[in-house]
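Architecture and fold: a report
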Amino acid sequence: MTFKKNILCIGAGYVGGPTMAMIAHKCPQYKVTVVDINPTRIAEWNSDDLPIYEPGLDEVVKAVRGKNLFFSTEIEKGIRESEIIFVSVNTPTKTFGAGAGMAADLQYWEKTARQILQNSESNKIIVEKSTLPVKTALAMERILTSTGNEVRFDVLSNPEFLAEGTAIKDLENPDRVLIGSRETPSGLKARDELVEIYANWMPKDRIITSNIWSSELSKLVSNAFLAQKISSINAISALCEKADADVTEVARAVGMDSRLGSKFLNASVGFGGSCFKKDILNLVYLCRYYGLEEVADYWHGVVGINDYQKERFVLNMMNAMFNTLAGKKICLFGFAFKADTGDTRESPAIFISKRLLEERAELVITDPKALDNAKTDLDGVVGKISYINDPYEASAGCDAIAVMTEWNLYAQLDFEKSYSSMVKPAFLFDGRNILDHKRLYEIGFNVFPIGKPPMTHF
Ligand code: UDX
Ligand code: UDX
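Residues numbered from 1 in each chain as written. Chains lettered and ligands numbered in written order. Predicted model: local features only at pLDDT ≥ 70, side-chain atom pairs only at ≥ 80, totals over all residues. Heavy atoms only, no water.

1. Details of the sheet that holds strand 13 (residues 427-430)
To keep things clear, this is the line we draw: A pair of strands is treated as paired once DSSP finds two or more bridges between them. Labels follow the DSSP assignment, with helices taken as runs of H or I lasting at least four residues and strands as runs of E lasting at least two, numbered in each case from the N terminus. In this analysis an axis means a line fitted to C-alpha atoms, helices contributing only their contacting stretch, and an angle means the value between N-to-C directions, from 0 to 180 degrees. Contacts: residue pairs with any heavy atoms within 4.5 Å of one another.
If you trace the six strands from one edge of the open sheet to the other, you get 11-10-9-12-13-14, paired in parallel fashion. At either end of the open sheet lies a strand with only one pairing partner, and these are strand 11 (385-387) and strand 14 (446-449). Taken over all neighbouring pairs, the strand axes of this sheet differ in orientation by 15° on average, direction set aside. Where strand 9 (residues 329-333) meets strand 10 (residues 362-366), five bridges bridge the pair, whose relative direction is parallel. Bridging from a neighbouring strand, F333 pairs with T366 of strand 10. The strands touched by helix 12 (residues 293-320) are strand 9, strand 12 (400-403), strand 13 and strand 14; relative to strand 13, the strand with the most contacts, the crossing angle is about 160°.

Structure follows, in structure tokens:
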């Protein structure tokens, strides 16, 4: 069968994999190939056991894999044969040199740009999918035009807004797709080609276009605004605990103002995930670069409150448990940074585990999808940790349960059963406010929600 177009995606991660699976699923006329430097990852994408857990992903991949969706390690061949190349390699925070801890590490990105240049024999459209600092497209264009050969490259920015755990739903029915381009005739033509792909399943009015710098910046700003809502409500949760208010009631009242909206107002132990912190720090770095100190400080505060919230959670635990955690056994319910994913990048559970171990507590960690990642994250950390799949078995013999992830299964457990096998007095710290606190209290637990008065038997 001949395909209308050949699409390539470099980077088979959380973003590249699901996004390309959806394009292949919705556009049978296009051949979609996903390549990666990591052969193990590609082998997993070609197996029955996909490298990431995402509800609905297996079905989509299995329906199109081998038909018009292919996973391969042949990056150079893929580049030669494609007309449109998506780049979704990771862009972690720099750990060295100038901008360490703040700026994005663009070494993979630049290496990929050079690889594209070296292997291109025909014109290509390059689509930035990775979240990048503003003006990265310019760097990409400079690399791609550095040899002055005949091949023309048009660079587009098409940031991904999917959230993990709901990636398939978000890809199928996104609030918007954003495409940024140069406003030159060839930039606009390239933009139209990308619009045509999304128009296979999306109403045209939800595909918005802008200049390329606005598009790059919109991604950072979207994540900063989302994280800001969480840090705002988390800051208020601390006040609620002092003022005998209930943060859920406050969030409901605030969120019903349609100008503010009810989503992203769940107080929690803190936000995690690969994007929020990294993107805000990128934004802060960008502001400082332009000398906008006040603007930088404002956004940096969003990360500051998140760190405060995680530390506060540990201090609340310690305070409740008679000011010492040494030798106490604490069971963490969940390790993923949110429900419905096995991803643990920047999960608040990592910080909290390390802090609890520092206080010489013993940890038992349970999670339906993230135990392997948890083991990697805590590899080499000093202290006693065990990993147990079954939540009843995990909490047996423990002094406290601390909910880290809002997995639905935790709300459905028989807590009477857990309580009966725990050390007394038994404590429950609900870092996600997902449990029935009154019922837990009646069972006998001393209950500490986020942003609500504790319920204790003392
Ligand atoms: C995404 C976005 O692309 C990133 O910009 C955003 O900030 C975080 O989310 P994600 O898909 O989650 O990244 O990253 P990851 O799961 O680490 O996948 C990236 C893939 O790119 C990896 O499989 C890695 O092996 C691959 N890669 C990396 C290459 O193929 N080539 C490289 O040069 C570097
Ligand atoms: C985010 C953005 O939502 C997405 O648009 C972007 O493309 C990538 O970054 P993701 O990190 O996958 O997606 O998950 P998200 O649902 O945004 O949750 C981020 C963190 O915030 C999680 O740790 C979550 O538990 C936490 N959160 C979310 C809260 O603590 N309270 C809330 O009300 C909502």
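That was the structure; now back to the text.
2. Structural notes on the pairing of strand 4 (residues 84-87)
Note the following rule: Exposure classes here rest on a 1.4 Å probe applied to the protein chains alone. A residue is buried below 20% of its type maximum, exposed above 50%, and partly exposed in between. The handedness rule is simple: strands pointing away from the viewer, and a clockwise path from the first strand over the helix to the second, make the crossover right-handed.
The side-chain alternation of strand 4 yields two buried faces, one formed by I84 and F86 and the other by I85 and V87. Alignment of strand 1 (residues 5-10) against strand 4, held across four bridges, turns out to be parallel. From the neighbouring strand, L8 faces strand 4, where its bridge partner is I85. Where strand 4 lies against strand 5 (residues 124-128), four bridges are found, and the strand directions are parallel. Note on strand 5: the bridge partner recorded for F86 is V127. Between the parallel elements strand 4 and strand 5, the chain passes through helix 5 (residues 107-119) in a crossover that is right-handed.

3. A few points about the site of ligand 1
Condition: Here, proximity means that at least one heavy atom of the residue falls within 4 Å of the molecule or strand. By the criterion applied in these results, polar contacts are pairs of N or O atoms within 3.5 Å in which, for protein atoms, one can donate a hydrogen and the other can accept it, and in which residues neighboring in sequence qualify only through two side-chain atoms. Surface accessibility in these figures is a Shrake-Rupley result with a 1.4 Å probe; residues are shielded only by whichever protein chains are displayed.
Close to ligand 1 lie 22 residues; V15, D36, R41, T131 and K278 are nearest. Within the backbone of V15, one N or O atom sits 2.9 Å away from an oxygen atom of ligand 1. One of the side-chain nitrogen or oxygen atoms of T91 is found 3.1 Å away from an oxygen atom of ligand 1. Against a free-state accessible area of 690 Å², the protein chains account for coverage of 92% of ligand 1.

4. A look at the nonpolar core
Let me state the cut-off plainly: For this analysis, a nonpolar core means a set of buried residues of the types Ala, Val, Leu, Ile, Met, Phe, Trp, Tyr and Cys, connected via side-chain atoms within 4.5 Å.
Counting 42 residues, the largest nonpolar core has I7, M20, I23, L69 and F86 as the members making the most contacts within it. Non-local contacts of L69, meaning those with residues more than four positions away in its chain, are made with M20, A21, A24, V32, V34 and V64.

5. Concerning the site of ligand 2
What counts, and what does not: Gly is placed with the polar residues, together with every amino acid not listed as nonpolar (Ala, Val, Leu, Ile, Met, Phe, Trp, Tyr, Cys and Pro) or charged (Asp, Glu, Lys and Arg).
Near ligand 2 you find 21 residues, and of these F161, S268, F337, K338 and R432 are the closest. L162 has a polar backbone atom sitting 2.9 Å from an oxygen atom of ligand 2. Here an oxygen atom of ligand 2 and a backbone polar atom of N266 are 2.9 Å apart. Surface burial for ligand 2 is 91%, taken as the share of its 670 Å² of free accessible area covered by protein chains. The element that contributes the greatest number of residues to the shell around ligand 2 is helix 9 (residues 212-243), accounting for four residues. Split by residue class, the shell around ligand 2 holds 11 nonpolar, four polar and six charged.

6. Description of helix 12
Heads up, the condition is: What a helix should span is 1.5 Å times the count of its residues minus one. Bend, in this description, refers to the angle at a residue between axes fitted to the seven residues ending there and the seven starting there.
With 28 residues, helix 12 should cover 40 Å at 1.5 Å per step; its first-to-last C-alpha distance of 39 Å lies within 8% of that length. When the local axis directions of helix 12 are compared, the greatest deviation, roughly 25°, occurs at G301. Just past helix 12, the residue F322 takes up positive phi, approximately 60°.

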